[in-house]
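Examining the three-dimensional arrangement
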Amino acid sequence: MRSEILYPGAFPMVRIELSAGEQIKAESGAMVGASPTVDVESKMEGGFFGALSRKLLTGEKFFFQTLRASRGPGEVLLAPTVPGEIVILELDGVNEYLVQKDGFLAGADTVSIESKMQSFARGLMGGEGFFILKIGGKGTLIINSFGAIHRIDLKPDQEYIVDNSHMVAWSATTSYTIERASSGWVASFTSGEGFVCRFRGPGVVYIQSRNPSGFGAWIRQFIPISE
Amino acid sequence: MVSAPNALCFGHELPASGAPCLVQVGLHGLTVVFTADGREQQEEIPFTALAISVGGLDHDHLVLKWTSEQGERTLYLKDAELIRTFRRFAPPSLHVSFEQAATGARSARWKRTGAWSLAFLTLLILVAGLWWGSDLLVALAVERIPVEWEQKLGEAAYRDFLAHQTVLKEGPAVAAVQEITQRLVRPLSHNPYTFEVTVVKSDVVNAFALPGGYIVVFTGLMQSATSAEEVAGVLGHELNHVLQRHGLERIVKRLGILVAASIVVGDQQGLAGLMKQFGVELMTLKFGREQETEADVAGLRLLYDARIDPSGMIRFFERLSEKDEGRVEWLSTHPMSRGRAERLKAELMAMPKLTPLPFTFDWAAVRESLGAPFVSEP
């Protein structure tokens, strides 16, 4: 598969070229268009219970869709639901990424996806819920964000602090702890930061330039209350 | 021989996501093979140069550090087989730090399992506590809610409901219901409520009470009652839902469960929606079985104290339960069981004989004013 990001910026789309017989998995509902040679199948990654647990626990879609170029080479166009950037990562078989539940857009068939329970404190305060996706294997992984994606490179033992609702994906070699943004409880909340994640390298952390729940809260004030 | 990489190497000039490399464990140390641009680069590291620790998000990586010619190097191993081989070949000098690292990883895993177990246990205790101790908590909470709040809550729902109904403003039916209510309320020694009773034109055989003393009686109920004592029985029951603050208890209970649920699920919108729902919820408020029994028994006492023949209440219950049950709404919201009627009968038997005081109105005339066909008492 060859992938290319079209219209980079807030409203990008990704074009994936498939050779005959090749297939990819994508978030269900992500397909915008496809060649007539491409078949769309829904597939429950990890079997029925795996899919069910993913649906119930991470809030991820129950089915991933499989796009297969069954009748010859073709292309598919994929786009995420929210406005924001798309990043293409090449997994080398050793590197694993943890991706928050809305971050996965598509991946090569050889990429493995599993739901993973976070530690209790991270789940409660990390901002991405108790369950995240662990993505490994070898091949292309396409992730998306809300807003722009910013990459932070961390050398061994280098630290960086990220607001908990801005995390998109991070390497499994990094570790993070949750802490209050300010030393006092009151100051933590009045500063508007609440909890932050202190990441420790080595590895890569992808963050998004917008906070989905913050945006939701902001837009809620303009929604008329219907009777 | 080119094998798939099995580890990630980090260093000053290496990519931040780590350079994939192939690690082989030998008798004297590690061989790390990097493949970049098709060229193989090999590095030998003796065991003596290595520092061991644990890393990664889940403490599931073995981290090896050493200083090479290019500077500090960090190797992240995850492959279980590779880690086992390393342990087998590592000289005794590394055993202590290897065990320390393993202990660190285990304790991190234990901590994690512990935190989850603790959280689960807390949740379990919370649920159990809510289940067993909720009545006490609810009673405590309800006690602290002033009657004025209750009235405001009930009044809002009451006005909202009446706005869509045909209300009977005057006439024999309204006068009769008011007289019954006054008779029932008069003997009450401690009554913070001013009861407001409205007769609503509807074929539904029903009456309901809202928190704060707002009572609605449907003409359907009056039409199907063969005596004023039967209506008094239903009103006695409904008045006691108000007096015992059953509506508030239900609200507090439901609120408590939803708050607990929203804390667990993390849904902030739940609360906002809940507050909005209140108006509707009040109308569909179903009382619990215990509350119904309480209202029954207290209603019977109320009738007795007001010197209204309590057998009318029992008779009405029985008569309606024999009728087409699907159509009788009052019964469908008030599950009628033989035991319930029997219980009331037993209560009545235990009370001293009562000389009832008749009402001033003629029930047949009241029913006639509502257009009910004359039905002889069975």
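This text gives an overview of the structure that appears in the document. (Residues numbered from 1 in each chain as written. Chains lettered and ligands numbered in written order. Predicted model: local features only at pLDDT ≥ 70, side-chain atom pairs only at ≥ 80, totals over all residues. Heavy atoms only, no water.)

**Some thoughts on the overall build of chain A**
Stated formally: Labels follow the DSSP assignment, with helices taken as runs of H or I lasting at least four residues and strands as runs of E lasting at least two, numbered in each case from the N terminus. A 1.4 Å probe rolled over the protein chains alone gives each residue an accessible area, and that area as a share of the maximum for its type sets the label: buried under 20%, exposed over 50%, partly exposed in between. What makes two residues a contact is simply this: any of their non-hydrogen atoms within 4.5 Å.
Counting secondary structure elements, chain A contains four helices and 18 strands. Across the 227 residues in chain A, those meeting the buried criterion constitute 48%. Expressed as a percentage of contacts within chain A between residues at least 6 apart in sequence, the contacts between residues at least 24 apart total 76%.

**What about the side chain of A:T37?**
Residue and element names in this part refer to chain A. Test applied: Polar contacts, as used here, are pairs of N or O atoms within 3.5 Å; protein pairs need one atom able to donate a hydrogen and one able to accept it. Residues neighboring in sequence count only if both atoms are side-chain atoms.
Relative to the helices and strands, T37 resides in the loop between strand 4 (31-34) and strand 5 (39-43). The class for T37 is buried, based on a relative accessible area of 18%. A polar contact of 3.0 Å, which involves the side chain of T37, links it to the backbone oxygen of P73. Residues within four places of T37 in sequence aside, it is in contact with R68, A69, S70, R71, G72, P73 and G74.

**Focus on the pattern of salt bridges**
Formally: Salt bridges are counted wherever a side-chain nitrogen of Lys or Arg sits within 4 Å of a carboxyl oxygen of Asp or Glu.
Under the defined criterion, the tally for this structure stands at 22 salt bridges over all chains. Put simply, A:D157 and A:R200 hold a salt bridge, and the shortest N to O gap is 3.4 Å. Here A:D157, found in the loop between strand 13 (149-154) and strand 14 (159-163), pairs with A:R200, found in strand 17 (residues 195-200); they are 43 residues apart in sequence, far enough to count as distant. Here B:D60 ties to B:K78 by a salt bridge, and the two come within 3.9 Å at their closest N and O atoms. Of this pair, B:D60 sits in the loop between strand 5 (51-55) and strand 6 (61-68) while B:K78 sits in the loop between strand 7 (71-77) and helix 1 (80-89), and the two are 18 residues apart along the sequence. Looking at B:D60, the relative accessible area reads 23%, which means it is partly exposed. Because the salt bridges share partners, they merge into one network encompassing A:D157, A:E159, A:E179, A:R198, A:R200 and B:K65.

**Quick word on the nonpolar core**
All names here are of chain B. As a reminder of what qualifies: Residues belong to one nonpolar core when they are buried, are Ala, Val, Leu, Ile, Met, Phe, Trp, Tyr or Cys, and are joined through side-chain atoms within 4.5 Å.
One finds I180, L184, V217, M222 and W363 to be the most contacted residues of the largest nonpolar core, which totals 45 residues. When residues no more than four places from it in sequence are discounted, the contact partners of V217 are V177, V197, T198, V199, V200, N206, A207, M222 and L235. Counting residues in hydrophobic clusters, the runner-up holds 26 residues, among them C9, V23, F86 and A101.

**Digging into the interface of chain B and chain A**
Stated precisely, the cut-off is as follows: Put simply, buried area is the surface a 1.4 Å probe can reach on two separate parts but cannot reach once they are joined, added for both.
Taken together, the contact between chain B and chain A spans 27 residues of the former and 34 residues of the latter. The contact between chain B and chain A buries some 2,300 Å² in all, and 59% of this surface belongs to carbon and sulfur atoms. Three residues, B:A16, B:L57 and B:W116, lead the burial of chain B against chain A; their summed loss comes to 31% of the area buried on that side. Taken together, the connections running from chain B to chain A amount to two salt bridges.

**Focus on the packing of aromatic side chains**
Applicable threshold: Any two rings among Phe, Tyr and Trp, with Trp reduced to its six-membered ring, count as a pair given centres within 6.5 Å; such a pair is stacked if its planes are under 30 degrees apart, edge-to-face if over 60, and tilted if neither.
On inspection of all chains with the given rule, the structure shows 17 aromatic pairs over all chains. When the ring of A:Y176 is compared with that of A:F199, the centres are 4.9 Å apart and the planes differ by 40 degrees; the resulting orientation is tilted. Taken together, the residues A:Y176 in strand 16 (residues 175-180) and A:F199 in strand 17 connect sequence positions 23 residues apart. Neither A:Y176 nor A:F199 differs from the other in exposure class; each is buried. Between B:F10 and B:Y76, the aromatic rings sit 5.4 Å apart at their centres with planes inclined by 75 degrees, giving edge-to-face as the arrangement. Here the residue B:F10 occupies a position in strand 1 (residues 7-11), and B:Y76 occupies one in strand 7, the gap between them amounting to 66 residues. Its relative accessible area of 1% is what places B:F10 among the buried residues.

**Some details on empty space enclosed by the protein**
Residue and element names in this part refer to chain B. We count it as follows: Here a cavity denotes a set of grid points, spaced 1 Å apart and computed over the protein atoms alone, in which a 1.4 Å probe fits but from which it cannot get out, and a pocket denotes an open set meeting protein on both sides within 12 Å along at least five of seven lines; residues with an atom within 4 Å of a point are reported as lining. Grid points are joined across faces, edges and corners, and a volume is the space filled by probe spheres set on the points. By the convention adopted, Pro, Cys, Tyr, Trp, Phe, Met, Ile, Leu, Val and Ala count as nonpolar, Lys, Arg, Asp and Glu as charged, and the other residues, Gly among them, as polar.
The full count for this structure, using the stated rule, is two cavities of 30 Å³ or more. Put simply, the largest cavity is a space of about 40 Å³. E150, A209, L210, P211, H241, V242, R245, H246, G247, L248 and F287 together form the lining of the largest cavity. For the lining of the largest cavity, the secondary structure elements donating two or more residues are strand 10 (207-210), helix 6 (228-243) and helix 7 (246-265). In terms of residue count, the dominant contributor to the lining of the largest cavity is helix 7 (three residues). By residue class, the composition of the lining of the largest cavity is six nonpolar, three polar and two charged.

**A word on the pairing of strand 2 (residues 13-18) of chain A**
Residue and element names in this part refer to chain A. This is how the line gets drawn: A pair of strands is considered paired only if DSSP assigns at least 2 bridges between the two.
The pairing of strand 1 (residues 2-6) with strand 2 spans five bridges and is classified as antiparallel. From the neighbouring strand, L6 faces strand 2, where its bridge partner is M13. With antiparallel pairing between neighbouring strands as the criterion, strand 1 and strand 2 make up a hairpin whose turn holds six residues, including Y7 at a positive phi of roughly 50 degrees. Here strand 2 runs beside strand 7 (residues 74-78); their pairing, made up of five bridges, is antiparallel. By the bridge assignment for strand 7, L18 is matched with G74.

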